[in-house]
Amino acid sequence: MTTILIGILEEGLVYAIMALGVYITYKILDFPDLSVDGTFPMGAALTASAIIAGVNPVLTLILAFAAGALAGCVTGLIHVKFKVRDLLSGIIVMTALYSINLRIAGGRANVPLFSQETIFENAFLEKLVPEALAPYTVLVILLVIVIICKILLDLYLKTRSGYLLRAVGDNDVLVTSLAKDKGMVKIVGLAIANGFAALAGAVYCQQKGFFEISVGTGTIVIGLANVIIGTQLFKRIGFVKSTTAVIIGSIVYKACVSFAISCGMEANDLKLVTAVLFLIILVLSNDRRKKVKAHA
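Cut-off values and rules
- Residues numbered from 1 in each chain as written.
- Predicted model: local features only at pLDDT ≥ 70, side-chain atom pairs only at ≥ 80, totals over all residues.
- Heavy atoms only, no water.
- Helix = DSSP H or I, 4+ residues; strand = E, 2+ residues; numbered from the N terminus.
- Axes fitted to C-alpha atoms, helices over the stretch in contact; angles between N-to-C directions.
- Parallel < 35°, antiparallel > 145°, perpendicular 65-115°, else oblique.
- Contact = heavy atoms within 4.5 Å.
- Nonpolar A, V, L, I, M, F, W, Y, C, P; charged D, E, K, R; others polar.
- Expected span 1.5 Å × (residues − 1).
- Bend = angle between axes of the 7 residues up to and from the residue.
- Buried < 20%, exposed > 50% of the residue type's maximum accessible area, 1.4 Å probe, protein only.
- Salt bridge = Lys/Arg side-chain N within 4 Å of Asp/Glu carboxyl O.
- Phe/Tyr/Trp six-rings, centres within 6.5 Å; stacked < 30°, edge-to-face > 60°.

Student: Talk me through unusual backbone geometry; I want residue IDs and the actual numbers.
Tutor: Trans is the prevailing form of peptide bonds, just as negative phi is the prevailing case for residues other than glycine. Notably, Asp 30 is not glycine yet its phi reads approximately 55°, a positive angle. Among the structural elements, Asp 30 can be located in the loop between helix 1 (2-28) and helix 2 (36-52).

Student: Got a sec to walk through the packing of helix 1 against helix 9 (residues 182-208)? Specific residues and values, please.
Tutor: Closest axis-to-axis distance for the helix 1/helix 9 pair is 7 Å, and the angle between their directions is 170°. Between helix 1 and helix 9, the angle falls in the class roughly antiparallel. Only Gly 189, Leu 190, Ile 192, Ala 193, Phe 196, Ala 197, Leu 199, Ala 200, Val 203, Tyr 204, Gln 207 and Lys 208 of helix 9 make contact with helix 1, whose side of the interface consists of Glu 10, Glu 11, Val 14, Tyr 15, Ile 17, Met 18, Gly 21, Ile 24 and Thr 25. Here the contact of helix 1 with helix 9 is composed, by residue class, of 14 nonpolar, 4 polar and 3 charged.

Student: I'd like a rundown of helix 4 (residues 86-104), residues and numbers included.
Tutor: Between the first and last C-alpha of helix 4 there are 26 Å, a value that for 19 residues agrees with the 27 Å anticipated at 1.5 Å per step. At Tyr 98, helix 4 shows its largest bend, some 30°. Among the residues making up helix 4, those that are buried are Ser 89, Gly 90, Val 93, Leu 97 and Asn 101. Buried residues along helix 4 sit against helix 2, helix 3 (57-80) and strand 2 (210-212).

Student: Any details on the pattern of salt bridges? Residues and values, ideally.
Tutor: A pair can form between side chains of opposite charge whenever their charged atoms are brought close. Counted under the stated rule, the structure contains 3 salt bridges. Note that Lys 254 is salt-bridged to Glu 11, the shortest N-O span being 3.8 Å. With Lys 254 in helix 11 (residues 242-262) and Glu 11 in helix 1, this pair connects stretches of sequence that are 243 residues apart. Measuring nitrogen to oxygen at the nearest pair gives 2.6 Å for the salt bridge that ties Asp 154 to Lys 150. With Asp 154 and Lys 150 both in helix 6 (residues 137-157) and 4 residues apart, this pair spans about one turn of that helix.

Student: Kindly report on helix 2, identifying the contributing residues and their values.
Tutor: A rise of 1.5 Å per residue sets the reference length of helix 2, with its 17 residues, at 24 Å; its end C-alpha atoms lie 24 Å apart and thus fit the reference within 8%. Burial within helix 2 is extensive, with 14 of its 17 residues counted as buried. Following helix 2 by one or two positions, Gly 54 has its phi on the positive side, about 100°.

Student: How would you sum up the environment of Leu 272? Please name residues and give values.
Tutor: Relative to the helices and strands, Leu 272 is located in helix 12 (residues 270-295). The exposure class assigned to Leu 272 is partly exposed, which follows from its relative accessible area of 48%. In sequence terms Leu 272 and Tyr 15 are 257 residues apart; their C-alpha atoms lie 18 Å from each other.

Student: So what's going on with the packing of aromatic side chains? Residues and values would help.
Tutor: Applying the stated criterion to the full structure yields 4 aromatic pairs. Seen from their ring centres, Phe 65 and Phe 196 are 5.7 Å apart, and the 90° between their planes marks the pair as edge-to-face. In this pair, Phe 65 is assigned in helix 3 and Phe 196 in helix 9, connecting sequence segments 131 residues apart. An aromatic cluster is present here, built from Tyr 15, Phe 40 and Tyr 204 joined pairwise through their rings.

Encoded structure:
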């Protein structure tokens, strides 16, 4: 039971990093960004290739975030400068990234890291982590990374740029009236969101010990489910920040998936379970909205 619980927490925390990015596009910008399905594996591909080349595992996290941010900028530029619809912009970048990710990985669809040093397995950590917490080293490291990401995002959203980001999603006319370029604000938001997605892919790669080209399939669905669950659970609890709710939502979602698998579903049915759970979440959230409107 303990092993299952730790597995749920680890998986949930990895995808919580990506969900923080989806929170920006879905909840703040109201932008259906499918490029996440490409930036998540891009972070993993870049990390795998960099570690094999001898790059410090911690540095690969920064590189992955930067690469994801660049891809997010491309999505934003296609939408803002070329006037392509938001959904199509994401699809274009996602499709292009499939080939780019293969090139980054040296043309290989699978790159193992089992003999390489990662952020979860190195001599420095063995000295840093207390002996009592040694069995939970991966969980502790993931928790630290997620907390850092959450704090940085919270701090950013309190800046002038962060307030403009919120304003673009709520009322882009207001941003224009402030003599600010709403298109540039969107690009910044998409860059940060995809940076988080790529960072999550980098962490996922180092945790699992390999890169696989198909790891990004359905990433946006998982991210949306995490965001919706978290925000709905804590909708009426004012003191819980949205970013905290998203992180908890990611863990709850992974717990639901694990429960479905434990009920007899096969591992091959994971994507089916993900789709069904997401559908149920959407239906329930829509029903709640209708009830609120009816009472109003």
